[in-house]
Amino acid sequence: MPTIYCYRKCTTCQKAMKWLSERGIEYTFIDIKDDHPSEEKLRELHAKSGLSLRRFFNTSGMLYREMELAKRLPQMSEDEMFALLATDGMLVKRPILINGSKVAVGFKEKEWEEILGD
C-alpha cells in the first residue's frame, strides 16, 4: 500500500488525496506537520527519488521565505540541508508519495500514475 506525507490544509495535498480516492487507491496517510520525516527517512526518500535535494524544499512555504532559504541554501552542505529539513515538516515539499522503491515529491498526475502502476 502506498504512503503519502501530506498536510491536510494544503490544497495540493487535498487534490492528491481526492485523486487517489477517485481511483479507489488505498494509502497510508502521514501528517507531515505532526509526524515529519526524520533526517534518516529524508535521506532514504531522496535516494529513491533520484531528485536533487533542493526539490525537497517547500519553496512556496511561509517558513521557507521567513528563513530566507533561497539565499542560504546555496551555501549549505547536503548534511546541513537534510538536518534543516528534518526540523520542521512545513519546510518539506508535499505531498510525498512512496510506493515501494519509488518516490514522488509534489503532485503530478502522470508521475503518480507511473509510480502507482496505473
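For the structure itself, look to the data block above.
Now for a description of the structure that goes with this document. Please read all numbers here as calculations on a predicted model, not as lab measurements.

### So, the overall build of the chain
Right, so step 1: Looking only at helices and strands, the chain features 6 helices and 4 strands.
Right, so step 2: Overall, the chain shows an N-to-C arrangement of helices and strands of β-α-β-α-α-α-α-β-β-α.
Right, so step 3: Expressed as lengths along the three principal axes of its C-alpha atoms, the size of the chain is roughly 45 × 25 × 25 Å.
Right, so step 4: Taking all 118 residues of the chain together, the buried fraction comes to 45%.
Right, so step 5: A fraction of 67% describes how many contacts in the chain between residues 6 or more apart in sequence connect residues 24 or more apart.
Right, so step 6: Surface exposure of the chain reaches about 6600 Å², of which carbon and sulfur atoms provide 47%.

### A look at unusual backbone geometry
Right, so step 1: The residue after Arg94, namely Pro95, is reached through a cis peptide bond having omega -5°.
Right, so step 2: Residue position: Pro95 is located in the loop between helix H5 (78-85) and strand S3 (96-99).
Right, so step 3: Positive phi values are uncommon outside glycine, yet Glu68 reaches one of about 50°.
Right, so step 4: Assignment of secondary structure puts Glu68 in the loop between helix H3 (62-66) and helix H4 (69-72).

### Brief notes about the sheet that holds strand S4 (residues 102-105)
Right, so step 1: If you trace the 4 strands from one edge of the open sheet to the other, you get S2-S1-S3-S4, paired in mixed fashion. Whereas interior strands pair on both sides, the edge strands pair on one side only; in this sheet they are strand S2 (28-31) and S4. Taking the axes of each pair of neighbouring strands and ignoring which way they run, one obtains an average angle of 15° across the sheet.
Right, so step 2: Note that strand S1 (residues 3-6) and S2 share 4 bridges and pair parallel. Opposite Cys6, over in S2, you have Asp31 as the bridge partner.
Right, so step 3: Across the sheet, helix H2 (residues 39-49) touches S1, S3 and S4, and the angle it forms with S4 is around 100°.

What counts as what
- Residues numbered from 1 in each chain as written.
- Predicted model: local features only at pLDDT ≥ 70, side-chain atom pairs only at ≥ 80, totals over all residues.
- Heavy atoms only, no water.
- Helix = DSSP H or I, 4+ residues; strand = E, 2+ residues; numbered from the N terminus.
- Buried < 20%, exposed > 50% of the residue type's maximum accessible area, 1.4 Å probe, protein only.
- Contact = heavy atoms within 4.5 Å.
- Areas by Shrake-Rupley, 256 points an atom, 1.4 Å probe, with all protein chains shown as cover.
- Pairing = 2+ DSSP bridges.
- Axes fitted to C-alpha atoms, helices over the stretch in contact; angles between N-to-C directions.

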